[in-house]
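Here is how the chains run, residue by residue.
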Amino acid sequence: MPSLIHKSSTSLFEKYRREHAWQIREFLFTLKLLSRNPSAVAGFVIITSMVLIALASPLIAPYNPIRISLSERLSPPSLTHLFGTDEMGRDILSRVMYGARISLRIGVLVIAIAGGLGSLIGAVAGYLGGKTDNIIMRVMDVILSFPPLVLAMAMAAALGPNLNNAVIAVAFVMIPKFARMVRGEALAVKEKQFIAAARASGAGNLWIIIHHILPNCFSSVIVLATLILGDTILVAASLSFIGLGAQPPTPEWGAMISVGRKFLMDQWWYPTFPGLFILMTVIGFNIMGDALRDILDPRIRR
Amino acid sequence: MEEILLDISGLSVRFFTYQGIVKALEDVNLIVSKGEILGLVGETGCGKSVLARSVLRLIADPPGKISGGKIFFKGEDILGASKRRLRSIRGNEISMIFQEPMSSLNPVFRVGNQMMEVVMLHQRVGRGEARRVCVDMLSQVKMPDPDAVLSKYPHELSGGMRQRAMIAMELSCRPDLLIADEPTTALDVTVQAQVLTILEELTRQTGVSVLFISHDLGVIAQICERVAVMYAGRIVEISPVRKLFSNPGHPYSRGLLKAVPQVDEERETLNVVPGVVPGLIHPPGGCRFHPRCEEMWEPCSRIVPHPVEIEPGHQVACHLWGSGK
Amino acid sequence: MPDPIIEVRDLLKHFAIHRGFLGRGAESLKAVDGVSFRIQAGETLGLVGESGCGKSTVGLLILNLLRADRGQVLFEGMETTGLEGEELQKIRRRMQVVFQDPQSSLDPRMLIKKIVGCPLEVNGLASGSELVKRVREMLREVGLSEDHVYRYPHEFSGGQRQRIGIARALITGPDFIVFDEPTSALDVSVQAQILNLIRDLQKRKGYSYLFISHDLSVIKHVSHRIAVMYLGKIVEKAPKKDLFAKPLHPYTRALLAALPRPDPEKRHPLAVLEGDVPSPVNVPGGCRFHPRCPEALDRCSTVEPALEEVEPKRWVACHLCAGEKSSESCLRFDASKAGERDAPEVESCRL
């Protein structure tokens, strides 16, 4: 028998695969279930298209989105300009494509910030309970009691009207949603015996929150993130619409609709196409989020 | 010869899940006679609950399917019965009580409502008459202050009282067969004592047959007349209760009895049945107990043992006793 | 008499329940209402009682997972009740716990390596490959295979999960372990394996245990001494053999009588007690047990009996046995007659 020198796998990839074998399997199982759900597939197709467009826009956009060509201003959709042109002669199709980049970037950034911060806040509130919980959640309530757009407007106006500030403003508005949800989950997880066991082993509060509470809330956070993503894009677009987000000539969808409003009667194509894209993106994420929530529900999985 | 009330022959139930087909019950044969208390004992995953639910066709389809066998109740084919007929049987001719009375009583309705609903449905009487029947049943289960109990919500009663209310509710229509699925497992031992005493008394008075499912050998020994031992979806031994405890035939039964800590005896180490209960998606071939059996020999892994009668009324499905027919 | 490893003195824990509007009419749940006992090194004290008696709460109090309202817990003579922070963490290494529910006592999203290694990690006792090595050793100790380190809890059966829980409790080399109903959720054959493991570990390593359970037969199998709890108080304390041969407190006797024996030859009328297990919110006055006690005297409803040593090493809180040092004139239950169909003989007491 050949002598086998058994060494534990040293390659990081192998180590990752071994340690997270189950998580990988779960992920693949989720994908499989998703593929059987028609609306999930539809949502997935839409989102993927948007993402691809966003990523590939520098390559596939027919024109430079800020290239002005006054001679071609406000021309209707044609073979040269599939979506027509705006009042500066810029190709709307290219602008819409680049707009996808911006909107998706905003969406992902906002969700990452709000999700990360919100989850942490919620977990701390839920786990520690008592006065801490009360104070934190009341603050969250205050934020939630403002209509999201109004609050975002106020923040953006205070910080200054540009895209980055829009991101901060919208993220701020979304934090309480995550906080609330994760707090609820934390309350449930807190009662489980393994938490008591961890405390009995000498684990401190922070350790427990990071290593026990947050991982157990993960799937709910993902679902919420997907559902909110559409909302986020909408709020960001609205901010730009009222002039507090992206500034011209940035080809952001909301900004385009804002300007294009004036031209709706005679040059219908101007605000319509950006609007359509917002619509499709938000619907896509909503559908995906719904399907994901159903699929990740532990009762349905087994 | 006792009259046969429930005749299960060759029953097989499978669950079709993502991970595979779970062969929950395989070729189960069981007879419950009129007026007897038959115990069904086994550990988690042996299929006793599945068996109980199959009798009333309560198995969710999908993912479960009765893949074979017959169930006859008072000579009537249950598996072929219409939905309407089944509804009139459930709660009326065959009743079932569960382990967790909190989840089988609807928490948003008063106890009285739920009990009277059953009576009115099956006996086609008005509210007043139904109420009278319910009060009567509650006093039979020694419930203090039956009138007050009827207007209470389930969470206002203690566990023991809820279980008694359940028993009263299920026996209110004087069924022929009562299936009790671990009715005392969730109760404290003194409360369990009360519920068991009531159950024994009621079954004596009304002559109802009971299929009593439990994993607790003490409870089984206390109230059952005959016992069937289940393992991994099959019945491995059926016997009058005294003979099972004094002369267990199947190695699993023997192991089980030796593993129970006894209050009246001193045991240095508890006997251990090595290994774990097998998963039922790929159960062991032949006798499903063979991987854990210390007396396993050649045919055990290949051939499914058929029950052999080793004493009158005592059947064992094990190759140590021959292969039977 | 060597010092006990654990001593509990007059432990008390009440939970405030807010009933009524604006917190008025607040009642308290007297979970643990003055409990005292000792555990010697290397011995097992079994704590038995029905739901609501407070036995689990006692366990949590000893481990400092709950803060006691009154009373003291002494570990090797040193008080642990008020400890916090660093000092508490040092003590935690030496007192560990194994919980009841194999489903929820292990984090479903954690590797076994992390679950069992957690006590080492959070106490800074080991890390990296050293940690993995010790986890593997521990898994072997409890009868699991070493390559289970990289698996998740759901891949194991209930019994195996309990073993993992035991491994986690033992990995820091504690002296004292609280077992809170460790086998209640397990099947009989698996329970036997775990109980044997627990006893075996004690014989080899000399651990001291507090074993909490509602199951008298399980308690009998693992304990050296037994304490019976009812509604937050201990009603009887005795060495195992004595308790089962001659139970003194009426509640203990009722518990024994209510237990169905796994032997059809030993059928007996089970129910001796009327009524339900009362709630620790409404504790009866006088002796807590008097409303259900078949032998209650007038005195029992007004005066609460103290836990007294009526015989060497036998403690009972009962007026019927109080003040009597000799075993003659105390109520006796003849356990050997349990097999008869009639109610067992009871010789009544001359007060």
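Position numbers for residues start from 1 in each chain and track the written sequence from start to end. Here chains are named by letter from A upward and ligands by number from 1 upward, in the order in which they appear as written. Local features in this predicted model are restricted to residues whose pLDDT is 70 or higher, and side-chain atom pairs enter the listing and the counts only when it is 80 or higher, whereas totals over whole chains, interfaces and linings include all residues.

K.L.:
Outline the overall build of chain A, listing residues and values.
P.N.:
Under the scheme used here, helices are H or I runs from DSSP no shorter than 4 residues and strands are E runs no shorter than 2 residues, and both carry numbers assigned from the N terminus. Summing up its helical and strand segments, chain A has twelve helices and zero strands in all. Element order for chain A, N to C, with α for helix and β for strand: α-α-α-α-α-α-α-α-α-α-α-α. In chain A, buried positions account for 43% of the 302 residues. For chain A, contacts bridging at least 24 residues in sequence account for 70% of all contacts bridging at least 6. The burial label depends on the number of other C-beta atoms within 10 Å of a residue's C-beta. Counts of 20 or more mean buried, 12 or fewer mean exposed, and intermediate counts mean partly exposed, with C-beta atoms placed from the backbone. Throughout, a pair of residues is in contact if the C-beta atoms placed from their backbones lie within 7 Å.

K.L.:
Report on the overall build of chain B, specifying residues and quantitative values.
P.N.:
What chain B contains, in helices and strands, is eleven helices and twelve strands. Only the C-alpha atoms count toward the radius of gyration. The rule for a globule is 2.2 Å times the residue count to the power 0.38. Taken against the 2.2 N^0.38 rule, which gives 20 Å for 325 residues, the C-alpha radius of gyration of chain B at 20 Å falls within 12% of a compact globule. The C-alpha extent of chain B, read off along each of the three principal axes, is 65 × 50 × 45 Å. Long-range pairs, those at least 24 residues apart, make up 63% of the contacts in chain B with a sequence separation of at least 6.

K.L.:
Mind laying out unusual backbone geometry, listing which residues take part and the relevant values?
P.N.:
Of note, the phi angle at A:Leu74 is positive, near 55°, even though the residue is not glycine. The topology assignment puts A:Leu74 in the loop between α3 (38-60) and α4 (92-128). The phi torsion at B:Asp27 lies on the positive side, around 55°, for a residue other than glycine. The exposure class assigned to B:Asp27 is partly exposed, which follows from the 16 C-beta atoms found within 10 Å.

K.L.:
Explain the nonpolar core residue by residue, including any values.
P.N.:
Core analysis: the largest hydrophobic core is formed by 287 residues, its most contacted members being A:Val170, A:Leu239 and B:Phe212. In this view, A:Leu239 contacts A:Ala152, A:Met153, A:Ala156, A:Ala166, A:Ala169, A:Leu244, A:Gly245 and A:Gly254; residues no more than four positions away in its chain are not counted. Note on terminology: a nonpolar core is any set of buried Ala, Val, Leu, Ile, Met, Phe, Trp, Tyr and Cys residues joined through C-beta atoms within 7 Å.

K.L.:
Can you break down the sheet that holds strand β7 (residues 176-180) of chain C residue by residue, with the values?
P.N.:
Pairing between the strands of a sheet is mediated by backbone hydrogen bonds and can be parallel or antiparallel. Residues and elements named next belong to chain C. Between any two strands, at least two bridges found by DSSP are needed for them to pair. Strand order in the open sheet made by the eight strands is β6-β7-β8-β3-β9-β10-β12-β11, with mixed pairing throughout. Edge strands, defined here as strands with exactly one partner in the open sheet, are β6 (95-98) and β11 (308-311). Pairs of neighbouring strands in the sheet enclose a mean axial angle of 25°, with direction left out of account. Pairing geometry for strand β10 (residues 233-239) and strand β12 (residues 314-316), over two bridges, is antiparallel. Its bridge partner lying in β12, Lys-237 is registered against Trp-315. Of the strands in this sheet, β3 (44-48), β6, β7, β8 (208-213) and β9 (225-230) touch helix α1 (residues 55-62), which is tilted by about 150° from β8. Lines fitted to the C-alpha atoms define the axes, with helices restricted to the stretch that makes contact. Angles between their N-to-C directions range from 0 to 180 degrees.

K.L.:
Account for the interface of chain C and chain B, naming residues and giving values.
P.N.:
With 35 residues of chain C at the contact, the number on the chain B side is 37 residues. When contributions to the side of chain C that touches chain B are tallied by element, the ones reaching two or more residues are α6 (188-205), α7 (216-222) and α9 (250-258) of chain C. At six residues, the largest contribution of residues to the side of chain C that touches chain B is made by α6(C). As a working rule, the residues Ala, Val, Leu, Ile, Met, Phe, Trp, Tyr, Cys and Pro are called nonpolar, Asp, Glu, Lys and Arg charged, and the rest polar, with Gly in that last group. Here the residues of the side of chain C that touches chain B sort into 18 nonpolar, nine polar and eight charged.

K.L.:
Would you mind going over the confidence of the model for chain A in detail, with residue names and values included?
P.N.:
Per-residue pLDDT for chain A averages 84, and the proportion of residues at 70 or more is 94%. Within chain A, the lowest mean pLDDT, 56, falls on helix α12 (residues 298-301) of chain A, and the highest, 92, falls on helix α5 (residues 130-145) of chain A. Known as pLDDT, the predictor's per-residue confidence is scaled from 0 to 100.

K.L.:
How would you sum up the pairing of strand β1 (residues 4-17) of chain B? Please name residues and give values.
P.N.:
Residues and elements named next belong to chain B. As paired strands, β1 and strand β2 (residues 20-33) are joined by ten bridges and run antiparallel to one another. Opposite Ile-8, over in β2, you have Leu-30 as the bridge partner. Hairpin connection from β1 to β2: two residues lie between these consecutive antiparallel strands. Both β1 and strand β4 (residues 64-73) contribute to a ladder of eight bridges, which runs antiparallel. Its bridge partner lying in β4, Ser-9 is registered against Lys-70.

K.L.:
Break down the arrangement of the chains for me, with residues and values.
P.N.:
Looking at the two pairs of chains with contacts, the pair that accumulates the most is chains B and C. For the non-touching pair chain A and chain B, the nearest C-alpha separation works out to 8 Å.

K.L.:
Account for the interface of chain A and chain C, naming residues and giving values.
P.N.:
Often, the extent of an interface is quoted as the loss of accessible area upon association of its parts. Every contact between the two is made by 18 residues of chain A and, on the other side, 22 residues of chain C. Contributing elements (two or more residues each) for the side of chain A that touches chain C: α1 (12-19), α8 (193-201) and α9 (205-241) of chain A. Ranked by residue count, the leading element in the side of chain A that touches chain C is α8(A), at eight residues.

K.L.:
Break down the sheet that holds β2(B) for me, citing the residues and quoting the values.
P.N.:
All names here are of chain B. The antiparallel open sheet is built from four strands, whose spatial order is β2-β1-β4-β5. The open sheet has two edge strands, β2 and β5 (76-77), and neither has a second partner. One ladder, built from two bridges, connects β4 with β5; its direction is antiparallel. Along β5, the bridge assignment pairs Phe-73 with Glu-76.

K.L.:
Can you break down α4(A) residue by residue, with the values?
P.N.:
All names here are of chain A. A helix is expected to reach a length of 1.5 Å times the quantity of its residues less one. Helix length check: α4, at 37 residues, gives a terminal C-alpha distance of 52 Å against a target of 54 Å (1.5 Å per residue), a fit within 8%. Taken across its 37 residues, α4 has 27 buried, putting it largely inside the fold. Looking one or two residues beyond α4, the residue adopting positive phi is Gly-129, at roughly 65°.

K.L.:
Pulling in residues and values, what's your account of the environment of B:Ile71?
P.N.:
Residue and element names in this part refer to chain B. Inspection of the secondary structure assignment puts Ile-71 in strand β4. As a C-alpha pair, Ile-71 and Ser-54 span 17 residues in sequence and 8.8 Å in three-dimensional space. Setting aside chain neighbours within four positions, we find Ile-71 in contact with Ile-8, Leu-11, Val-55, Ile-78 and Leu-79.

K.L.:
For helix α11 (residues 251-259) of chain B, give the residues involved together with the corresponding values.
P.N.:
Owing to its 3.6 residues per turn, the α-helix brings residues three or four apart onto one side. With seven of its nine residues buried, α11(B) lies for the most part within the structure. Of the residues making up α11(B), those classed as buried are B:Pro251, B:Tyr252, B:Ser253, B:Gly255, B:Leu256, B:Leu257 and B:Ala259. As for α11(B), its buried residues are in contact with α9 (217-223), β9 (226-231), β10 (234-240) and α10 (241-246) of chain B together with α6 of chain C.

K.L.:
Go over the domain arrangement of chain B, please, and point to the residues and values.
P.N.:
Residue and element names in this part refer to chain B. Reported domain spans reflect what an automatic or database domain assignment gives. Domain assignment breaks chain B into domain 1 (4-93 + 175-321) and domain 2 (100-174). Taken over C-alpha atoms, the centre of domain 1 sits 29 Å from the centre of domain 2. Top contributing element to the side of domain 1 that touches domain 2 by residue count: helix α8 (residues 189-206), with seven residues.

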